[in-house]
Amino acid sequence: MPRIKVGNENDAAIEIHYEDHGGGQPVVLIHGYPLNGNSWERQERELLANGYRAISYDRRGFGGSSQPTVGYDYDTFAADLNALVEHLGLDDMLLVGFSMGTGEVTRYLGRYGSGRVSKAALLGVIPPFLLKTDDNPEGVDGQVFEGIKAAIVKDRYAYFKDFFDNFYNTDKLAPERISDQALQASFNVAAGASPFASYACVDTWLTDFRGDLPKIDVPTLVVHGNEDRILPYEATAARLPALIDNLKLVTVEGGPHNIAWTHPQEVNQALLEFLAE
């Protein structure tokens, strides 16, 4: 199980688990909450078949990575990503993020620049700024997130059940696009995540990325479902063409939050065409 050390908590090392397969141009896949790197299986298969090197990793607190109680902020998440990039010596890479992972891509490019990056792809995006404020009226009311944190504290397993129903729009898409077994698999991954991280990550969703977006100077693809109940389309993806230069927006009609699983044909086509351009 390949791992790299990215820090310490007391006398314990904080390690990030990653997978690195194939050859060719590297594509780094950054998962969403509360999943892990294996959630990219429907994309990794196609990337490998088309001659790309597919690299995925588990965010701290999730999957096979360490479960510390420190470092749940996007500066640290981006630093973890940068440590992996440097460890593997990656260049000319495509960064692909889903949901929380779009924050890593955005903050990485804002902080570390695009010297090692050729393109970026953002699926189910969290930028530009999710929280409703006086200067961000398109955002979501802060009480929504306080309610989420309260639900996690009360019973995080019950919360995950409701979360995934809206993550996949099961009332509309099950069982044709999301089977009971796949839904249970997602729940199992979430249940195995750090209880601390499950709660702490909610506040990171309110990160203001508006200062990072103008620094993105590589071609960027955004793919987002127009029926996303987790990160509403109008508050997120619809705003990005005005904020990022050289951006292509692909809207998945009827798509929920995790379009990478429910609509892999549309997502993979958009991603592979973008890579080949």
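Computed from a predicted model, the values in this text were never measured in an experiment. Here the residue numbering is sequential within each chain, running from 1 through the sequence in written order. Side-chain atom pairs in this predicted model are given and counted only at pLDDT of 80 or more, local residue features only at pLDDT of at least 70, and totals for whole chains, interfaces and linings cover all residues. The side-chain figures draw on all heavy atoms in the structure; neither hydrogens nor water molecules are used.

Peer 1: How do you make sense of the packing of helix H4 (residues 142-167) against helix H7 (residues 195-204) when you look at a structure like this?
Peer 2: The relative placement of two packed helices comes down to the angle between their axes together with the axis-to-axis distance. All axes here are fitted lines through C-alpha atoms, helices being fitted over the stretch that makes contact, and every angle between N-to-C directions spans 0 to 180 degrees. The numbering of helices and of strands both runs from the N terminus, where a helix is a DSSP run of H or I of at least 4 residues and a strand a run of E of at least 2. Look at H4 against H7: their axes get within 10 Å of each other, and the N-to-C directions meet at 155°. Here H7 runs roughly antiparallel to H4, going by the angle between their axes. Read as a crossing pair, H4 and H7 show a hand that is right-handed. Residues Phe145, Ile148, Lys149, Ile152, Val153, Arg156 and Phe160 of H4 pack against Pro195, Ser198, Tyr199, Val202 and Asp203 of H7. In the contact of H4 with H7, the residues fall into eight nonpolar, one polar and three charged. Working rule for angles: under 35 degrees goes down as roughly parallel, over 145 as roughly antiparallel, 65 to 115 as roughly perpendicular, anything else as oblique. Two helices cross in a left-handed way if the nearer one is turned anticlockwise from the farther one by less than a right angle. They cross in a right-handed way if the turn is clockwise. For this analysis, residues touch if any pair of their heavy atoms sits within 4.5 Å. Gly is placed with the polar residues, together with every amino acid not listed as nonpolar (Ala, Val, Leu, Ile, Met, Phe, Trp, Tyr, Cys and Pro) or charged (Asp, Glu, Lys and Arg).

Peer 1: How do you make sense of unusual backbone geometry when you look at a structure like this?
Peer 2: The phi angle of most residues is negative, glycine excepted, and most peptide bonds adopt the trans form. Of note, the amide linkage connecting Pro127 to Pro128 takes the cis form, showing an omega dihedral of 15°. Structurally, Pro128 is set in the loop between strand E6 (117-123) and H4. The amide bond that connects Ala174 to the next residue, Pro175, takes the cis arrangement and shows omega of 0°. Relative to the helices and strands, Pro175 is located in the loop between helix H5 (170-173) and helix H6 (180-191). We note that Asn10 has phi near 55°; this positive angle belongs to a residue other than glycine. As for its placement among the helices and strands, Asn10 is situated in the loop between strand E1 (3-9) and strand E2 (12-21). Residue Asn10 is classed as exposed on the basis of its relative accessible area, which comes to 75%. When a residue's accessible area, from a 1.4 Å probe over protein chains only, is under 20% of the maximum for its type it is buried; when over 50% it is exposed; and in between it is partly exposed.

Peer 1: I would appreciate a short explanation of the packing of aromatic side chains in the present structure.
Peer 2: Each aromatic ring pair is summarised here by two numbers: the centre-to-centre distance and the angle between the ring planes. Two aromatic rings from Phe, Tyr or Trp, using only the six-membered ring of Trp, form a pair when their centres are within 6.5 Å; if the ring planes differ by under 30 degrees the pair is stacked, by over 60 it is edge-to-face, and anything between is tilted. Tallying each qualifying case throughout the model produces 18 aromatic pairs. Here Tyr159 and Phe160 contribute two aromatic rings whose centre-to-centre distance is 5.8 Å and whose plane-to-plane angle is 50°, an arrangement assigned as tilted. Residue Phe160 is classed as buried on the basis of its relative accessible area, which comes to 0%. Within the aromatic cluster, the residues linked to one another by ring pairs are Tyr33, Phe62, Phe98, Tyr159, Phe160, Phe163, Phe164, Phe167, Tyr168 and Trp205.

Peer 1: When you look at the layout of surface pockets in this model, what are you seeing that I'm missing?
Peer 2: Using a probe with the size of a water molecule, rolled over the atoms, empty space left in the structure can be pinpointed. Approximately 300 Å³ is the volume found for the largest pocket. At eight residues, the largest contribution of residues to the lining of the largest pocket is made by H4. Looking at the lining of the largest pocket residue by residue, the class counts come to 15 nonpolar, three polar and two charged. Whether a set of points on the 1 Å grid over the protein atoms alone is a cavity depends on a 1.4 Å probe fitting there but being unable to get out, while an open set qualifies as a pocket with protein on both sides within 12 Å along at least five of seven lines; lining residues are those with an atom within 4 Å of a point. Grid points are joined across faces, edges and corners, and a volume is the space filled by probe spheres set on the points. Here the second largest pocket defines a volume of roughly 190 Å³. Ser39, Glu41, Ala185, Ser186 and Trp261 are, among the 13 residues lining the second largest pocket, the residues nearest its centre. Ranked by residue count, the leading element in the lining of the second largest pocket is H6, at four residues. Of the residues assigned to the lining of the second largest pocket, the class counts are seven nonpolar, five polar and one charged.

Peer 1: Honestly, H6 in this entry has me stumped. Any pointers?
Peer 2: Two residues of an α-helix separated by three or four positions point the same way, owing to the 3.6 residues in each turn. The first and last C-alpha atoms of H6 sit 16 Å apart over twelve residues, in line with the 16 Å expected at 1.5 Å per residue. Listed as buried for H6 are Ala182, Leu183, Ser186 and Ala190. Projected down its long axis, H6 carries its buried residues within an arc of 105°, all on one side. Seen from the buried face of H6, the exposed residues on the opposite side, beyond 90 degrees, are Asp180 and Gln181. The inward-facing, buried residues of H6 abut H4, H5 and helix H8 (259-262). Helix span is expected to be 1.5 Å times the residue number reduced by one. Read the arc as the range of directions from the helix axis to the C-beta atoms.

Peer 1: So what exactly am I meant to see when it comes to the side chain of Ser186 here?
Peer 2: Secondary-structure assignment places Ser186 in helix H6. Once you skip the residues sitting within four places of it in the chain, Ser186 turns out to touch Leu35, Phe164 and Tyr168.

Peer 1: Looking at this model, I keep getting lost on the packing of helix H2 (residues 74-88) against helix H3 (residues 100-112). Mind explaining?
Peer 2: Interhelical geometry of H2 versus H3 gives an angle of 75° and a closest axis separation of 8 Å. When the axis of H2 is compared with that of H3, the two are roughly perpendicular. The segment H2 lies against H3, with Tyr74, Asp75, Phe77, Ala78, Ala79, Leu81, Asn82 and Val85 engaging Met100, Gly103, Glu104, Arg107, Tyr108, Arg111 and Tyr112. Along the lines of polarity and charge, the residues of the contact of H2 with H3 split into nine nonpolar, two polar and four charged.

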